[in-house]
Amino acid sequence: FFFVAYNFGSRTTMKFGKRMQECLFYPWAEHYLRYNSLKQALKKATRGPQFLLLLKSELQRIEAFFRSKERELSQQLHAFETRGILSGDVHFVDFCSNLDHLREYVLVNYLAVRKIVKKHDKLCTSECHPVASDAARMLSKCTFYK
């Protein structure tokens, strides 16, 4: 499991953005949180409500992809239940693999949101307010987070 293998909290290892790239399921790569884009926005002094708008847009994109994959997997599961699962069925093995990829997709995106929000709040000055509570509220409304 990648979370244990890639100690995301360690400061002595490579940066989160690079580790995140190593953990992506590449066929779905374009659907993950655009961590580096949000990081660049922070470098350009995008803070507070503007940052939250960018984050909200990312969460909506992630949510849409998650829901489409969830529907797809649900339909496949229903088909397996209807016809019965044969031991070693290649389609069932693919189903299990995709289910595992979806679980990892959720975890990587969750960690990316936490990391970018923490980075935002660390860079906040007196002119902007921390967004951790706002981000947590937005995240709690996402199906992939529940």
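First, a word on scope: everything that follows refers to the structure included in this document. (Residues numbered from 1 in each chain as written. Predicted model: local features only at pLDDT ≥ 70, side-chain atom pairs only at ≥ 80, totals over all residues. Heavy atoms only, no water.)

### Some remarks on the environment of Ile116
One can find Ile116 in helix H5 (residues 90-123). Here Ile116 falls in the buried class, since its relative accessible area comes to 0%. Along the sequence, Ile116 and Leu38 sit 78 residues apart, while their C-alpha atoms lie 7.2 Å from each other. Sequence-distant contacts of Ile116, that is, excluding residues within four places in its chain, are made with Tyr35, Leu38, Lys39, Leu42, Phe51 and Leu55. (Helix = DSSP H or I, 4+ residues; strand = E, 2+ residues; numbered from the N terminus. Buried < 20%, exposed > 50% of the residue type's maximum accessible area, 1.4 Å probe, protein only. Contact = heavy atoms within 4.5 Å.)

### Examining the packing of aromatic side chains
According to the stated counting rule, one finds 11 aromatic pairs in the structure shown. Relative to Tyr105, the ring of Tyr32 lies with its centre 4.8 Å away and its plane at 65°, an arrangement referred to as edge-to-face. One end of the pair, Tyr32, is in the loop between helix H2 (16-23) and helix H3 (35-43); the other, Tyr105, is in helix H5, with 73 residues separating them in the sequence. The burial state of Tyr32 is the same as that of Tyr105; both residues are buried. A centroid spacing of 5.9 Å and a plane angle of 25° characterise the contact between Phe92 and Phe95, whose relative ring orientation is stacked. Taken together, the residues Phe92 and Phe95, both in helix H5 and 3 residues apart, mark about one turn of the helix. Here the aromatic residues Phe25, Trp28, Tyr32, Phe65 and Tyr105 are joined through ring pairs into a cluster of three or more. (Phe/Tyr/Trp six-rings, centres within 6.5 Å; stacked < 30°, edge-to-face > 60°.)

### Description of H3
Each turn of an α-helix holds 3.6 residues, which means side chains three or four residues apart point in the same direction. Listed in full, the buried residues belonging to H3 are Tyr35, Leu38, Ala41 and Leu42. For H3, the angular spread of buried residues about the axis comes to 120°, placing them on one side. For H3, the elements touching its buried residues are H2, helix H4 (48-83) and H5. Backbone geometry just downstream of H3 places Ala45 in the positive-phi region, at approximately 70°. (Arc of directions from axis to C-beta.)

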